[in-house]
Amino acid sequence: MSAFLTDGYGRTIRYLRLSVTDRCDLRCVYCMTDDVVFLPRRELLSFEELDRLSSALIERGVDKIRITGGEPLLRKDILHLFQGLSRHLASGALRELTLTTNGTQLARFARALFAAGVRRINVSLDTLDPARYATITRHGDLATTLDGIDAAQSAGLKIKLNAVAVRGVTEHEIDRLIAFAHGRGMDITLIETMPLGHLDVDRADQYLPLDELRSRIAEHWTLEDIDDRTGGPARYVRVGETGGRIGFITPMSHSFCETCNRIRVSATGRLYTCLGEHGGADLRAALRGSEGDDKLNAAIDHAISRKPKGHDFEIRRHSGPALERPMSVLGG
Ligand code: SAM
Ligand code: SF4
């Protein structure tokens, strides 16, 4: 076993996205159907298992962990996980502990997250129009999420907004979103919708390529390409009028796999080395099968040695999802 986690293409894994639940209080139209069936709770890794798994990966060089879901802040007693993992921030082994959230629970959790060492978070927000927000999220109240953003900023958390580009919505919203984000000192990242999970609409109708959206943005804003790379898939531009940044994540129209340093673990402990991967490796069995970490490390090494070179998603009319697994299982 080598100390670091390096895959067959020489990419060293530093970044874990850890899903803690598949449950959510919203039902975003590009993410899940209204009648989605969630996993029984007994299937989920316990906090002890989530901590043990994270700690084993930190020992092997992972220095950034993003907690995600479903909606991670809905998992009961979720602060225990943050508080436990914060010891790795204190030791310096972990560079960053962060989360992606829809913001509905932030007013409740922002201060405690900051106290546990979280400094930056991603909040998903696709629109600033209350009616559109209710339509896109099916159950959401925009004011609750905006209160969450206020609370997070007051607590000292730096926020990046994530917006999925949805045809028929984002074109009308984008100028307002940019002005809102940059007016409050937040970057905003735009994401192309990916064909993960079954929907009750044709995803081809939702898909809005970011090349097209960028051209629209450029009609009203001055965009300068900049070299900022966060180690992730986003390509950034700076907006002349605001000084703020817009990130573009284009899993559909451009591949970004060659520099991918991340792995994902589902709430049931399946390790996915690529968003496009089908089955994943069962780390829960390895965790439960022995008290020492040898089996766990062997399962991790085996999976990472097989990390694919990249994914190849396609959205065609009537074609259905590339994978049955919705984004809420792996958390994006
Ligand atoms: N519930 C949290 C949230 O919405 O921020 C965390 C989980 S959510 C699955 C993580 C991110 O994935 C969100 O920014 C969401 O907009 C995005 N997402 C969900 N389904 C997607 C899809 N099919 N394609 C692209 N992004 C998607
Ligand atoms: Fe829930 Fe996030 Fe999926 Fe929306 S994108 S339904 S908030 S998990």
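Each value, and the rule that gives it
- Residues numbered from 1 in each chain as written.
- Chains lettered and ligands numbered in written order.
- Predicted model: local features only at pLDDT ≥ 70, side-chain atom pairs only at ≥ 80, totals over all residues.
- Heavy atoms only, no water.
- Pairing = 2+ DSSP bridges.
- Helix = DSSP H or I, 4+ residues; strand = E, 2+ residues; numbered from the N terminus.
- Contact = heavy atoms within 4.5 Å.
- Axes fitted to C-alpha atoms, helices over the stretch in contact; angles between N-to-C directions.
- Parallel < 35°, antiparallel > 145°, perpendicular 65-115°, else oblique.
- Left-handed = near helix turned anticlockwise from the far one by under 90°.
- Nonpolar A, V, L, I, M, F, W, Y, C, P; charged D, E, K, R; others polar.
- Buried < 20%, exposed > 50% of the residue type's maximum accessible area, 1.4 Å probe, protein only.
- Phe/Tyr/Trp six-rings, centres within 6.5 Å; stacked < 30°, edge-to-face > 60°.
- Lys NZ or Arg CZ within 6 Å of the ring centre and 35° of its normal.
- Expected span 1.5 Å × (residues − 1).

Caption draft 1: Broad picture of the sheet that holds strand E3 (residues 96-101). In space, the 12 strands of this open sheet follow the order E7-E8-E9-E6-E5-E4-E3-E2-E1-E10-E11-E12, with mixed pairing throughout. In the strand order of this sheet, the two ends are held by strand E7 (223-226) and strand E12 (281-282), each with one partner. As judged from the 4 bridges shared by strand E2 (residues 64-68) and E3, these two strands associate in the parallel manner. Bridge pairing in E3 links Ile65 to Leu97. Against the sheet, helix H6 (residues 170-183) engages strand E5 (158-165), strand E6 (187-192), strand E8 (235-239) and strand E9 (245-249), with an angle of about 175° to E5.

Caption draft 2: Quick look at the packing of helix H1 (residues 47-59) against helix H2 (residues 78-91). Interhelical geometry of H1 versus H2 gives an angle of 25° and a closest axis separation of 10 Å. The angle between H1 and H2 falls in the class roughly parallel. Viewed along their axes, H1 and H2 form a crossing whose handedness is right-handed. Contacts between H1 and H2 involve Phe47, Leu50, Asp51, Ser54, Ser55 and Ile58 from the former and Ile78, His80, Leu81, Gly84, Leu85, Arg87 and His88 from the latter.

Caption draft 3: Fine view of the packing of H2 against helix H3 (residues 106-115). Interhelical geometry of H2 versus H3 gives an angle of 15° and a closest axis separation of 10 Å. Viewed along their axes, H2 and H3 adopt a mutual orientation that is roughly parallel. When the axes of H2 and H3 are compared, the crossing they make is right-handed. On the side of H2, the interface is formed by Ile78, Leu79 and Phe82, while H3 contributes Phe109, Ala112 and Leu113. Here the residues of the contact of H2 with H3 sort into 6 nonpolar, no polar and no charged.

Caption draft 4: The arrangement of the pairing of E9 in detail. Burial analysis of E9 places 5 of its 5 residues in the buried class, the great majority of the element. The side-chain alternation of E9 yields two buried faces, one formed by Arg245, Gly247 and Ile249 and the other by Ile246 and Phe248. Strand direction decides the pairing type here: E6 and E9, joined by 4 bridges, are parallel. Its bridge partner being in E9, Ile191 is matched across the sheet by Ile249. As paired elements, E8 and E9 share 4 bridges and run antiparallel to each other. Paired with Arg238 across the bridge in E9 is Arg245. Connecting E8 to the next strand, E9, in antiparallel fashion are 5 residues, including Gly243 with a positive phi near 80°.

Caption draft 5: Molecular detail of the packing of aromatic side chains. Per the stated rule, a full pass over the model turns up 0 aromatic pairs. Over the ring of Phe47 we find Arg75; its NZ or CZ atom is 4.6 Å from the centre of that ring. Above the ring of Phe248, the side-chain terminus of Arg214 is found at 5.8 Å from the ring centroid.

Caption draft 6: View of H1. For H1, which comprises 13 residues, the first-to-last C-alpha distance of 18 Å matches the rise-based estimate of 18 Å (1.5 Å per residue) to within 8%. Extensive coverage of H1 is indicated by the burial of 10 of its 13 residues. Along H1, the positions that sit buried rather than exposed are Phe47, Glu49, Leu50, Asp51, Leu53, Ser54, Ser55, Ala56, Leu57 and Ile58. Tucked inside the fold, the buried residues of H1 contact strand E1 (15-19), E2, H2, strand E10 (262-265), helix H9 (283-289) and helix H10 (294-305). Phi turns positive, to about 110°, at Gly61, one or two residues after H1.

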